[in-house]
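Chain and residue survey
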Amino acid sequence: MSGVLVYSERESVALELATFASTLKRPVAVALVGQEAAAWAKNCFAHGAERAYVSTDPTLSELQADVLAEALAQITKQADADVILIGSTLRGREVAARLAQKLNAGCITDANGLRFEDGQLVATRYALGGNTIATLVIKSPVQVIAVMPQTIQATPTGDGGSAEIIEARLSLAPPPVKIVERRPKQAGSVNVESTKVLVCIGRGANEQSDLEMIQTLADTLGGVVGCTRPVSHDKHWLSEGQMIGISGKMSSPRLYIGIGLSGQIQHTVGIMGSKVTVAINSDKNAPIFKMADYGIVGDLYQVVPKLTGKLRLR
Amino acid sequence: MHIIVCMKQIVDLTKIRIKADTREPVLEGLPVRFGDFEKNALEEAVRIKEKQGDVKVTAVAVGSPKLKDTIKEALAIGADEAVILTDPLFEGSDEMGTARTLAKVLQKIGEYDLILLGEGSTDDHTGQVISRLAELLGLAQVTYVRELEVLEGNPLASPRGKRIRAVRDLEDALEVVEANLPAIVSVTAELNQPRLPPLTAILKAARKPTKTWGPNDIGVTTGEVGAGASMITMLSNLAPTQQRKQVMLEGDVDDAVNELLKALEREGVLAV
């Protein structure tokens, strides 16, 4: 029986994918390539992987998509896999498609749901700019599915007793692209993805200094500030990492408050998983109210300070 | 230097209506336009041309016959010529079909230095075509580019005499990379602000050459592209359900805020 191969350049995502793969009742292998990944084997075994194909080939250390895809194509053959699950990070999505082309395989990227149903893998992903969710299956004999981080809950499944570490036999050409410099981004100054309370601001803010009022509200609620695309990408008032929605961040807070934003699907797709949603907007016909559990029709410059003030009195 | 910009014609996503009973999108009769990231790609090609002089920019697009009109925008922004593929045979292609079609177009064009695409299409944003096209053409791929520079190449290592230096925008880092041309590059919205072409450019665009190529011109058959060759089956494509209470608090601001706080307390979402 052909097996499942799992790869991500992030350990946490590899564990998520291994957890899902182990439910398919087929042999599960994980590809651990690059210097760091070799150390993940034990954890992967605890999450359902039975074999780890390990390579510390220095050609792979820069995680370049074309070299990675070639390495995974070779491991796919060694592992006799016909389903390859990859973490759909920016790098992962790129690797998945190049691998799929090498394997003459159909590919789904950015899957935000994956299940086994009627003998086939069924994936969901946003389509039409977030207006719809497409439910898809792959027809080709080999399938590559790139799954978004945190789609699956990583769960330890076994003791990994029969697990085996195998040295991957790879033959790789050096990458044609040269990495000159890596500039790490300032990590996690604002984590909009895992916050419990998310306060988002849109075009309704007149001045950059008005964001202080939004920040104060978020602070009072123990939350963080996110925004729509114009605020981060056109006005540059907030960092691009705070943009919520398509091509930005997805968030599932306990409480979402959208302020001075119309509620275009490109934004709201990023907050669909919120438990309770609140909208504050002066236009009572703004689409955001259709997405809101509670809506206040009013001027944000009046509503926000009052809301913050009353919250502080609690 | 020859720069090819691959562009996708999409429906205007802000005009999609959802059928209330079935949650299906209504796509018929919607206006079409080019995707956002493709405009960044084209803008960059035109800026390189303006800076370097001896550059030809060709826009390539596969899509419905409406492309005959849509492509004029690309020519007005500054493409020198266009190749469009509007044959129904290409319809319903998956990413592999699209990549195969583009690869054949590029092989027919023959001489090129730089291929630019958006980081993903604005509608489905799968981001697959760049990787698949790079694999088919055996080219270096540089994705998620937010800064791009064309430099003189090392004569020994650079077959087209030029190289690029690019800044890639990844989740955790910016990566500065260099590659010899020919190479294929995908760009993000941060790369530039696409221009709105002036009226004179729009008028001039009508006189620029647009070639329409069919399956025979590039040598593809039914088995390779189009819906029949697609490896993906779409079981459904429906608007997500969002059941929200939609309690509207209008009128006096103090009352509305008090009501909201009571409601949030009941929901149990205020505990820090």
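No experiment lies behind these values; they were computed from the predicted model shown.

Observations regarding the overall build of chain A
- Each helix and strand in chain A was counted, giving eight helices and 16 strands.
- Each principal axis of the C-alpha distribution contributes one length, and for chain A these read about 65 × 50 × 35 Å.
- Per-residue burial for chain A yields a buried fraction of 55% across its 314 residues.

Some details on the interface of chain A and chain B
- At the junction of the two partners, chain A supplies 66 residues and chain B supplies 65 residues.
- Per-element accounting of the side of chain A that touches chain B gives the leading share, eight residues, to helix α4 (residues 90-102) of chain A.
- In terms of residue class, the side of chain A that touches chain B is built from 31 nonpolar, 15 polar and 20 charged.
- Note: strand β11 (residues 178-184) of chain A against strand β10 (residues 173-180) of chain B, six bridges, orientation antiparallel. Each bridged residue has a counterpart across the sheet, and for A:Arg182 the counterpart in β10(B) is B:Glu175.

Observations concerning the domain arrangement of chain A
All names here are of chain A.
- The assigned domain composition of chain A is domain 1 (3-167) and domain 2 (197-313).
- Inter-centroid distance (C-alpha atoms) of domain 1 to domain 2 is 35 Å.
- Classifying every residue of the side of domain 1 that touches domain 2 by side-chain character gives one nonpolar, three polar and no charged.

A word on the environment of B:Lys104
All names here are of chain B.
- Here lysine 104 shows up in helix α3 (residues 95-109).
- The class for lysine 104 is buried, based on 20 C-beta atoms found within 10 Å.
- Measuring from C-alpha to C-alpha, the distance between lysine 104 and leucine 133 comes to 9.9 Å, with 29 residues separating the pair along the chain.

Side note on the packing of helix α8 (residues 300-313) of chain A against helix α7 (residues 253-267) of chain B
- Orientation of α8(A) relative to α7(B), taken along the N-to-C sense of each, is 50°, at an axis distance of 10 Å. Judged by the inter-axis angle, α8(A) sits oblique to α7(B). Our pair here, α8(A) against α7(B), has a crossing hand that is right-handed. Of the residues in α7(B), those in contact with A:Gln302, A:Val303, A:Lys306, A:Leu307 and A:Lys310 of α8(A) are B:Val253, B:Asp254, B:Val257 and B:Leu261.
- Within the contact of α8(A) with α7(B), the residues separate by chemical class into five nonpolar, one polar and three charged.

A look at the pairing of strand β8 (residues 140-152) of chain B
All names here are of chain B.
- One ladder, built from four bridges, connects β8 with strand β11 (residues 183-187); its direction is parallel. Across the sheet, residue glutamine 141 finds its bridge partner in β11, namely isoleucine 184.
- Inspection of the sheet shows β8 paired to strand β9 (residues 162-169) by seven bridges, in the antiparallel sense. Following the sheet pairing, glutamate 152 is matched in β9 by lysine 162.

Details of the sheet that holds strand β1 (residues 3-7) of chain A
All names here are of chain A.
- Ordered in space as β5-β9-β4-β1-β2-β3-β10, the seven strands form an open sheet in which the pairing is parallel. Every other strand in the sheet has two partners, leaving β5 (106-111) and β10 (164-167) as the edge strands with one partner each. Ignoring strand direction, the axes of neighbouring strands in this sheet form an average angle of 20°.
- Alignment of β1 against strand β4 (residues 81-87), held across five bridges, turns out to be parallel. Its bridge partner lying in β4, leucine 5 is registered against isoleucine 84.

With respect to the sheet that holds strand β14 (residues 247-249) of chain B
- With parallel pairing, the six strands of this open sheet are ordered in space as β13(A)-β12(A)-β14(A)-β15(A)-β16(A)-β14(B). Both outer strands of the open sheet, β13 (224-227) of chain A together with β14 of chain B, are each paired with one neighbouring strand and no more. Sheet twist, expressed as the average angle between the axes of neighbouring strands with direction ignored, equals 20°.
- One ladder, built from four bridges, connects strand β15 (residues 276-281) of chain A with strand β16 (residues 294-297) of chain A; its direction is parallel. Bridge assignment links A:Val278 to a residue of β16(A), and that residue is A:Tyr294.

Quick look at α8(A)
- Helix length check: α8(A), at 14 residues, gives a terminal C-alpha distance of 20 Å against a target of 20 Å (1.5 Å per residue), a fit within 8%.
- Burial in α8(A) covers these residues: A:Leu300, A:Val303, A:Val304 and A:Leu307. Around the axis of α8(A), the buried residues are gathered within 95° of arc, so they sit on the same side. When the buried face of α8(A) is taken as reference, the exposed residues oriented beyond 90 degrees from it are A:Arg312 and A:Leu313.
- In this structure, the buried side of α8(A) is in contact with α5 (211-220), β14 (255-259), β15 and β16 of chain A together with α7 of chain B.

Comments concerning the confidence of the model for chain B
- Looking at chain B as a whole, its pLDDT mean stands at 94, while 100% of the residues score no less than 70.
- The ipTM for the predicted assembly is 0.92, set against a pTM of 0.89.

Concerning the environment of A:Leu170
All names here are of chain A.
- Locating leucine 170 in the fold gives a position in the loop between β10 and β11.
- Here the alpha-carbon distance between leucine 170 and glutamate 70, two residues 100 residues apart in the chain, equals 8.8 Å.
- Leave out the neighbours within four places in its chain, and leucine 170 touches Ser55, Asp57, Ala71 and Gln74.

Re the packing of helix α3 (residues 65-78) of chain A against α4(A)
Residue and element names in this part refer to chain A.
- Across the interface, α3 lies against α4 with an axial gap of 8 Å and an inter-helix angle of 50°. Comparing their axes, α4 and α3 come out oblique. As α3 packs across α4, the resulting crossing turns out to be right-handed. Seen from α3, the contacting residues are Ala65, Asp66, Leu68, Ala69, Leu72 and Ala73; seen from α4, they are Arg91, Glu94, Val95, Arg98, Leu99 and Lys102.

What to know about unusual backbone geometry
- B:Leu181 connects to B:Pro182 through a cis peptide bond whose omega is 5°.
- Within the secondary structure layout, B:Pro182 lies in the loop between β10 and β11.
- The phi torsion at A:Leu63 lies on the positive side, around 55°, for a residue other than glycine.
- Position of A:Leu63 among the secondary structure elements: in the loop between β3 (51-55) and α3.
- Non-glycine residue A:His236 carries a positive phi angle of around 60°.
- Within the element layout of this structure, A:His236 appears in the loop between α6 (229-234) and β14.
- Residue A:His236 is classed as exposed on the basis of its 10 C-beta neighbours within 10 Å.

What to know about the pairing of β15(A)
All names here are of chain A.
- By the criterion of burial, β15 is predominantly enclosed, with six of the six residues buried.
- Of the two faces of β15, the one carrying Val276, Val278 and Ile280 and the one carrying Thr277, Ala279 and Asn281 are both buried.
- Across five bridges, the pairing between β14 and β15 is parallel. Within β15, the position partnered with isoleucine 259 by the bridge is isoleucine 280.

Cut-off values and rules
Residues numbered from 1 in each chain as written. Chains lettered and ligands numbered in written order. Predicted model: local features only at pLDDT ≥ 70, side-chain atom pairs only at ≥ 80, totals over all residues. Helix = DSSP H or I, 4+ residues; strand = E, 2+ residues; numbered from the N terminus. Buried ≥ 20, exposed ≤ 12 C-beta atoms within 10 Å, placed from the backbone. Contact = placed C-beta atoms within 7 Å. Nonpolar A, V, L, I, M, F, W, Y, C, P; charged D, E, K, R; others polar. Pairing = 2+ DSSP bridges. Domains from an automatic or database assignment. Axes fitted to C-alpha atoms, helices over the stretch in contact; angles between N-to-C directions. Parallel < 35°, antiparallel > 145°, perpendicular 65-115°, else oblique. Left-handed = near helix turned anticlockwise from the far one by under 90°. Expected span 1.5 Å × (residues − 1). Arc of directions from axis to C-beta. pLDDT = per-residue confidence, 0-100.

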